[in-house]
Amino acid sequence: MPLIEIQDVTKVYRMGDNVLNALDGVSLSIEEGELVAIMGASGSGKSTLMNLIGCLDRPTSGKYLLAGKDVGKMGVNEQAEARNRLIGFVFQNFNLLARTSAQENVELPLVYQGIGGRDRKRRAISALTRVGLGERLDHTPAQLSGGQQQRVAIARAIVGEPKLILADEPTGALDSKTTVEVMRLLQDLGKTGITVVIVTHEPEVGAYANRLIVVRDGKIIEDKHQEPVAA
Ligand code: ADP
Ligand code: MG
């Protein structure tokens, strides 16, 4: 069973008399452990597709099965619950809380899940160690480099043990050396069975993926498996 199964999905925006097909008949299935890069020009529908995969939005028509469950048939609460349990998000600008330590930033999703203090601490330290920041638990974002901040954000994304990481331009704010570090980390997650889907407009970043999907005008125009470059 694929982790993600999207069947003939459309997303239509209507503004007055204008109809815009942000997604126009997209079908896609992604297996566990794949590292997928979604590429395409600005306005091609990448974020719309990511929001759909991330259960942040619903399609106008078509079907989306996440881990075998029909997201369209879930209520709002059930959808939020699936999102919290199955998906970790990584953003271009890290979205860390300022003046808050790396450890506390990583603990945050566990606070929302109602997990107790001691368990939170243990899991946050373990996630930060996994991204190579076990020695910087007390550092605030301002005391960390961009690459380190993105690694904290990745620790925050994995601390809840999700099946899927969604990253919209995760290296967009990073220089090329730190980009490699972040992509190595995302490749390593794939090797442990976590599925990673990233949006990027940089071909060098797409080269680290096992699979490259190109969207244009709300359609998938290319979908190919490739031998990834080792980060
Ligand atoms: P990308 O992420 O590839 O730049 P988007 O998925 O953000 O593209 O947008 C795809 C198309 O849908 C664009 O033409 C955009 O203007 C339009 N769009 C996205 N969100 C909305 C919205 N909430 N209302 C109306 N149009 C939207
Ligand atoms: Mg976008």
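Okay, so let's go over this structure. (Residues numbered from 1 in each chain as written. Chains lettered and ligands numbered in written order. Predicted model: local features only at pLDDT ≥ 70, side-chain atom pairs only at ≥ 80, totals over all residues. Heavy atoms only, no water.)

1. Focus: the sheet that holds strand E1 (residues 4-15)
- An order of E2-E1-E4-E5 is seen for the 4 strands of this open sheet, with the pairing classed as antiparallel. Edge positions in the open sheet fall to strand E2 (18-30) and strand E5 (69-70), since each of these has one partner strand only.
- Summarising the sheet, strand E4 (residues 61-66) and E5 pair through 2 bridges and their orientation is antiparallel. The residue bridging Leu66 from the neighbouring strand is Lys69, located in E5.
- Packed on one face of the sheet, helix H1 (residues 46-53) meets E1, E2 and E4 and runs near 125° to E1. (Pairing = 2+ DSSP bridges. Helix = DSSP H or I, 4+ residues; strand = E, 2+ residues; numbered from the N terminus. Contact = heavy atoms within 4.5 Å. Axes fitted to C-alpha atoms, helices over the stretch in contact; angles between N-to-C directions.)

2. What to know about the pattern of salt bridges
- Following the criterion strictly, the structure yields 14 salt bridges and no others.
- One salt bridge connects Glu181 with Arg151, and the closest N-O pair in it is separated by 3.7 Å. A residue pair is termed long-range when its members are at least 10 positions apart, and Glu181 in helix H6 (residues 176-191) and Arg151 in helix H5 (residues 146-158) qualify at 30 residues.
- Counted as one network, the salt bridges with shared partners bring together Glu34, Arg211 and Asp223. (Salt bridge = Lys/Arg side-chain N within 4 Å of Asp/Glu carboxyl O.)

3. Details of H5
- Along its 13 residues, H5 runs 19 Å from first to last C-alpha, staying within 8% of the 18 Å computed at 1.5 Å per residue.
- Most of H5 sits inside the fold, with 12 of its 13 residues counted as buried.
- Buried within H5 are the following residues: Gly147, Gln148, Gln149, Gln150, Arg151, Val152, Ala153, Ile154, Ala155, Arg156, Ala157 and Ile158.
- Against strand E6 (87-90), helix H3 (102-112), helix H4 (117-130), strand E7 (164-168) and H6 lie the buried residues of H5. (Expected span 1.5 Å × (residues − 1). Buried < 20%, exposed > 50% of the residue type's maximum accessible area, 1.4 Å probe, protein only.)

4. Some words on the packing of aromatic side chains
- In this structure the tally under the stated criterion is 1 aromatic pair.
- Relative to Phe91, the ring of Phe89 has its centre 6.4 Å away and its plane inclined at 15°; by these criteria the two rings are stacked.
- The exposure class of Phe91 is partly exposed, given its relative accessible area of 33%. (Phe/Tyr/Trp six-rings, centres within 6.5 Å; stacked < 30°, edge-to-face > 60°.)

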